[in-house]
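Spelled out, the chains give:
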Amino acid sequence: MDITSDVTPRVTPGHAVRLGWREKLGYGAGDLASNLSWNLVGGFLLYYYTDVAVVPVAALGTLFLVARLLDAIIDPAIGVLVDRTRSRWGKARPYLIFASIPFGVLGVLTFTVPDIGDTGKLIYAFLTYLTLGLLFSLVNVPYSSLLPMMTRDSQERMQMGGLRAIGSSVGSIIVTAGTTPFVALLGGGNEQRGWTIATLIFSVLSVGFFVFTFVACKERYALPPETDALRPGAALRTLWGNKVWKITFVYGVLNFVRLGMVLAVTVYFALAVLHAPWAISVLLPLVSGAMIVGGFVAPAYYRRFGKRRGNVQALAVGFVFWAAMIPLESNFPAFLTCYIVGTLAINLSMVSMFTMVADTVEYQQWRFGTRNEGLLSSGISFATKVGSAVGSAAVAYGLGVAGYTPGEASGPALTAIRLMFYGAPLLLIVLQALTMLFWDLDGKHEQMAADIDRATREGGGLT
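What you see is a predicted model; the values in this text were computed from it and never measured.

Colleague: So what about a nonpolar patch on the surface? Which residues, and what values?
Modeller: Nonpolar side chains collect at one region of the surface, where F319, V320, L427, V430, L431, L434, L437 and F438 lie side by side and expose about 740 Å² of accessible area between them. Of all the elements in the fold, those that place two or more residues in the nonpolar patch are α12 (280-324) and α15 (412-436). Tracing the chain through its elements places L434 in helix α15.

Spelled out as structure tokens, the structure:
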């Protein structure tokens, strides 16, 4: 996009701009919009494919993995596109309008697989799922890049990250708690009709909240496109030299592999292991409810402990309580208590990831003299997709290898479901904590901001 305008994004010296609540809520509404559609995919699409559309389960692992990896590699290109964008609305905000509508439409089409034979269903599922992911990138990469353009104050960012987590969680709760009842109510005995109408409602709401984000938020800190848009090769080299970004990327991939597996396998776990279909509408919304609590607690928690120590502590608590659930399956109140505490701790660490991405932008300007908000923020979208792809594909492959039959999980299938619900998340939590030990940006924000301001006043860059 290269629309000439008299409104040019710029870098403003100083980093103590305080944002109003309308703008903060507008930013949080963006993740509410994303998750009204995307968590529907993460929590229910595999189940919809296997038990409603009856797409061959053996091929679904490959479908999830290939589709997500194909559109994930597009994310850096979208990031560069954002960095090169010139428009009357800025660099990131235009995409919230122009990409959100087709994103909503594809959300409905993805959950409306026609009865055209096994091969036709697979082709349709692949094309709609792949296109939905591409459109998600066109909305989510610019949305993620918007935060470092709005404020450079680290505490304001943590608050914004908390509000983003709250918005994400509210969207997830609406979807995870409401989807099953909505489908039953709206379908009138026709399950496919129920899925189509329910996803239509979620998609309309999603577009509306993206529009609110567009209207409420402002871009204050962004280098002009002609200054910041390095050649793609040079931009990628500086990105690879940004060690803070690499840590954030690895942390994000591990987080979303874990989250993708938990979201995808919970439906099967509730049905086959707990024998409690109603538990789906309890366990999945609690993941998002914990994120809301984390969003409120995160600013004070990370102000006291910093990101490295704070995340390692939170992940350690999450590990202990997630492992404690294993012997408690027959005692649901005790099982649920451990699930709530473990999920609260793990999701607190997830809240910080949103602000870690913004930190990588400041580090990029401090170290290399360029911000590249779009390219750097594409890392979180890339991590989301790679992680979700691996997580969802692992569940699909696990079900296929274990011989899962819709409605008849037993023997090897039950073992596979338990391993994917308990064992894999515990391993990934350990790997996240180890990754976080390499984070060394705590306490450097004020110095980075002062150096950037000095370089801006002097009209030079930082090296």
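Colleague: Give me the side chain of T128: which residues, what numbers.
Modeller: Within the secondary structure, T128 sits in helix α6 (residues 117-150). Exposure remark for T128: the relative accessible area of 7% places this residue in the buried category. Within the structure, the side chain of T128 is placed 3.3 Å from the backbone oxygen of A125, a separation counted as a polar contact. Setting aside residues up to four positions removed in sequence, T128 forms contacts with Y49, L106, L109 and T110.

Colleague: Explain the pattern of salt bridges to me, using residue names and the numbers behind them.
Modeller: Applying the stated criterion to the full structure yields 5 salt bridges. Of the charged contacts, one joins D115 and K121 as a salt bridge, the two residues approaching to 3.8 Å between their closest N and O atoms. Notably, a salt bridge pairs D440 with K243, separated by 3.0 Å at the nearest N-O pair. In this pair, D440 is assigned in the loop between α15 and α16 (445-458) and K243 in helix α11 (residues 243-273), connecting sequence segments 197 residues apart. Residue K243 is classed as partly exposed on the basis of its relative accessible area of 37%.

Colleague: So, the nonpolar core: which residues are in play, and what are the values?
Modeller: When a protein is soluble and globular, its nonpolar side chains tend to lie buried together. Formed by 117 residues in total, the largest nonpolar core has its most connected members in L46, Y48, Y49, F64, W322, F335 and F421. Among all residues touching Y49, those that are not within four sequence positions of it are V54, V55, L60, L63, F64, T110, V113, A125, T128 and Y129. Of all hydrophobic cores here, the second largest spans 7 residues; its members include A72, V253, L254 and L428.

Colleague: Mind laying out the packing of aromatic side chains, listing which residues take part and the relevant values?
Modeller: By the definition in use, this model includes 23 aromatic pairs. For the pair Y48 and Y49, a centre-to-centre distance of 6.0 Å together with 50° between the ring planes defines the contact as tilted. Summarising the aromatic geometry, the rings of F269 and F421 are spaced 3.9 Å apart at their centres and angled 10° between planes, so their arrangement reads as stacked. Here F421 lies in helix α15 and F269 lies in helix α11, a separation of 152 residues in the sequence. If you follow K24 out to its NZ or CZ, it ends over the ring of W21, 4.9 Å from the centre. Against the face of F214 rests R93, its NZ or CZ located 4.4 Å from the ring centre.

Quick notes on the rules
- Residues numbered from 1 in each chain as written.
- Predicted model: local features only at pLDDT ≥ 70, side-chain atom pairs only at ≥ 80, totals over all residues.
- Heavy atoms only, no water.
- Patch = residues over 30% accessible without salt bridge, like charges linked within 9 Å, V, L, I, M, F, W, Y side chains within 5 Å.
- Areas by Shrake-Rupley, 256 points an atom, 1.4 Å probe, with all protein chains shown as cover.
- Salt bridge = Lys/Arg side-chain N within 4 Å of Asp/Glu carboxyl O.
- Helix = DSSP H or I, 4+ residues; strand = E, 2+ residues; numbered from the N terminus.
- Buried < 20%, exposed > 50% of the residue type's maximum accessible area, 1.4 Å probe, protein only.
- Polar contact = N/O pair within 3.5 Å; in protein donor to acceptor, adjacent residues only side chain to side chain.
- Contact = heavy atoms within 4.5 Å.
- Core = buried A, V, L, I, M, F, W, Y, C linked by side-chain atoms within 4.5 Å.
- Phe/Tyr/Trp six-rings, centres within 6.5 Å; stacked < 30°, edge-to-face > 60°.
- Lys NZ or Arg CZ within 6 Å of the ring centre and 35° of its normal.

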